[in-house]
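Residues per chain are reported as follows:
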Amino acid sequence: MDDLDLKLIKLTQDGVDLVPDPFKEIALELAIPETEVIDRIEALVERGAIRRFGASIGHRVLGIVANAMCVWNVPDDRVEEVGAVMAGFGEVSHCYERVRCPEWDYNLYAMIHARTREECERTAHDISRATGISEYMILFSEREFKKTGVRI
Amino acid sequence: MIHELELDDTDRQLVNLIQLDFPLDLHPFQTLGDQIGTSEQEVIDHLRRLTDIGVIRRIGPILNTKGLGGVSTLVAMQVPEDAIDRVASWINGFDEVSHNYLRPGAYNIWFTVSASSKERLHEMVGEIEALGYPFLELPVTRLFKIGVKFEV
């Protein structure tokens, strides 16, 4: 990744303009052809610096107001299998294993989004039944202080 | 914050299409119009309205911290009730913080950090530590799922 790539990311990370030729301004700014802007974005996607180029959705506006971080204590030798089952649930948007801490036994995290807290609870219950993991907590978000996504 | 949302077929088609398959070409909205059988102007008008009402946050790159050579982590902090607002806005002051939520429990402030390097993350953790509140640092050790698309 070179300086131009960095500038390109900075110029687009807050969203491209909704105009017929959204890459034109960016190309002018970077003093490269429009086609190179597109080639560079594609290359950044290919190399994994950009996960995807597209729309970010405002869940809350669509009524998806319940956001639960569900934390699970899963035996280390079952993490691979249990993580795969959790990831298979449509209501689970993100699923990670994270390090354990002495004060915090939980090691698997599933983000569940739904219209109501009850739906989130039901999903967590279904996951528990499907995996046999019974030690878990549902931590609903009570306030959103920030949600910008990753920026550079 | 649930609005009375009237999404028409064009809105739904566009939202479902442009999360993963935003066309990377010189006239992407023309291409989208061709794909769903409407005009470029019609596509732009719909996308502008969807952006105004918050259904679309932005159309741009969704960045991958690791792919950019950076490091990320999740921090959980125990903050007394009367300090929550102050500490939350102090945390938000870091550009590297992408998400920040209030959740129930002893660890009540949860935020994600995406730093450009290990050194920068270390420096931030040092500043967080200096606040004096107990906290956990919970980096990802395995990734099972990362939300890519939200069907409307």
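Owing to the predicted nature of the structure, the values given are computational and were not obtained by experimental measurement. (Residues numbered from 1 in each chain as written. Chains lettered and ligands numbered in written order. Predicted model: local features only at pLDDT ≥ 70, side-chain atom pairs only at ≥ 80, totals over all residues.)

Some points on the overall build of chain B
Check the secondary structure of chain B and you find five helices and six strands. Secondary structure elements in chain B, listed N-terminal to C-terminal, are α-α-α-β-β-α-β-β-α-β-β. Radius of gyration (C-alpha) of chain B: 20 Å, far over the 15 Å computed for a compact globule of 152 residues. With the C-alpha coordinates of chain B rotated into their principal frame, the extents come out at 60 × 35 × 25 Å. Put simply, 57% of the contacts in chain B that link residues at least 6 apart link residues at least 24 apart. (Helix = DSSP H or I, 4+ residues; strand = E, 2+ residues; numbered from the N terminus. Rg over C-alpha atoms; globule rule 2.2 N^0.38 Å. Contact = placed C-beta atoms within 7 Å.)

Description of the environment of A:S128
All names here are of chain A. Relative to the elements of secondary structure, S128 occurs in helix α5 (residues 117-131). Exposure remark for S128: the 15 C-beta atoms within 10 Å place this residue in the partly exposed category. The sequence separation of S128 and V82 amounts to 46 residues, and the corresponding C-alpha distance is 9.8 Å. Excluding its chain neighbours within four sequence positions, the residues that come into contact with S128 are I133, S134 and Y136. (Buried ≥ 20, exposed ≤ 12 C-beta atoms within 10 Å, placed from the backbone.)

Details of helix α3 (residues 34-46) of chain A
Residue and element names in this part refer to chain A. Relative to the 18 Å expected for 13 residues at 1.5 Å per residue, α3 spans 19 Å between its end C-alpha atoms, a close match to the ideal helical length. Along α3, the positions that sit buried rather than exposed are V37, I41 and L44. End-on view of α3: buried residues confined to an arc of 65°, all on one side of the axis. The exposed set on the far side of α3, more than 90 degrees from its buried face, consists of T35 and E46. In this structure, the buried side of α3 is in contact with α1 (3-12), α2 (24-30) and β1 (50-57). Phi turns positive one or two residues past the end of α3, at G48, with a value near 85°. (Expected span 1.5 Å × (residues − 1). Arc of directions from axis to C-beta.)

Concerning helix α1 (residues 9-18) of chain B
Along α1(B), the positions that sit buried rather than exposed are B:L14, B:V15 and B:I18. One side of α1(B) carries all its buried residues, which in axial view fall inside an arc of 95°. The outward face of α1(B), more than 90 degrees from its buried face, is lined by the exposed residues B:D9 and B:R12. Turning to α1(B), the residues buried within the fold contact β1 of chain A together with α2 (28-36), α3 (40-52) and β1 (56-63) of chain B.

Structural notes on the domain arrangement of chain B
Buried accessible area, meaning the area lost when the parts come together, often serves as the stated size of an interface. Entries for chain B in the domain assignment read domain 1 (9-52) and domain 2 (66-137). Taking only C-alpha atoms, the centre of domain 1 of chain B and the centre of domain 2 of chain B are 37 Å apart. (Domains from an automatic or database assignment.)

Here we look at the confidence of the model for chain B
Across chain B, pLDDT averages 94, with 97% of residues at or above 70. This prediction of the complex comes with two scores: 0.90 for pTM and 0.91 for ipTM. (pLDDT = per-residue confidence, 0-100.)

Topic: the domain arrangement of chain A
Split by domain assignment, chain A resolves into domain 1 (3-46) and domain 2 (60-140). With centres defined by C-alpha atoms, the gap from domain 1 of chain A to domain 2 of chain A works out at 37 Å.

Regarding the interface of chain B and chain A
Each side of the interface is counted separately: chain B has 65 residues, and chain A has 64 residues. Among the elements of the structure, α1, α2, α3, β1, α4 (84-92), β3 (97-102), β4 (109-115) and β6 (140-145) of chain B are those that each provide at least two residues to the side of chain B that touches chain A. Ranked by residues supplied to the side of chain B that touches chain A, first place goes to β1(B) with eight residues. Tallied by class, residues from the side of chain B that touches chain A come to 38 nonpolar, 18 polar and nine charged. Where β1(A) lies against β1(B), seven bridges are found, and the strand directions are antiparallel. Its bridge partner being in β1(B), A:F53 is matched across the sheet by B:P61. (Nonpolar A, V, L, I, M, F, W, Y, C, P; charged D, E, K, R; others polar. Pairing = 2+ DSSP bridges.)

Structural notes on the sheet that holds β3(B)
The sheet built from five strands is open, its strands ordered β6(A)-β3(B)-β4(B)-β2(B)-β5(B) with antiparallel pairing. With one partner strand each, in any of the chains shown, β6 (143-147) of chain A together with β5 (135-137) of chain B form the two edges of the open sheet. Strand after strand, the sheet turns through a mean of 10° between neighbouring axes, direction not considered. When strand β2 (residues 71-77) of chain B meets β5(B), the two strands line up antiparallel, connected through three bridges. Following the sheet pairing, B:A76 is matched in β5(B) by B:L136. Where α4(B) meets the sheet, it contacts β6 of chain A together with β3 and β4 of chain B, and its direction lies at approximately 165° from that of β3(B). With respect to the sheet, helix α5 (residues 118-130) of chain B is in contact with β2, β4 and β5 of chain B, its orientation differing from that of β4(B) by roughly 150°. (Axes fitted to C-alpha atoms, helices over the stretch in contact; angles between N-to-C directions.)

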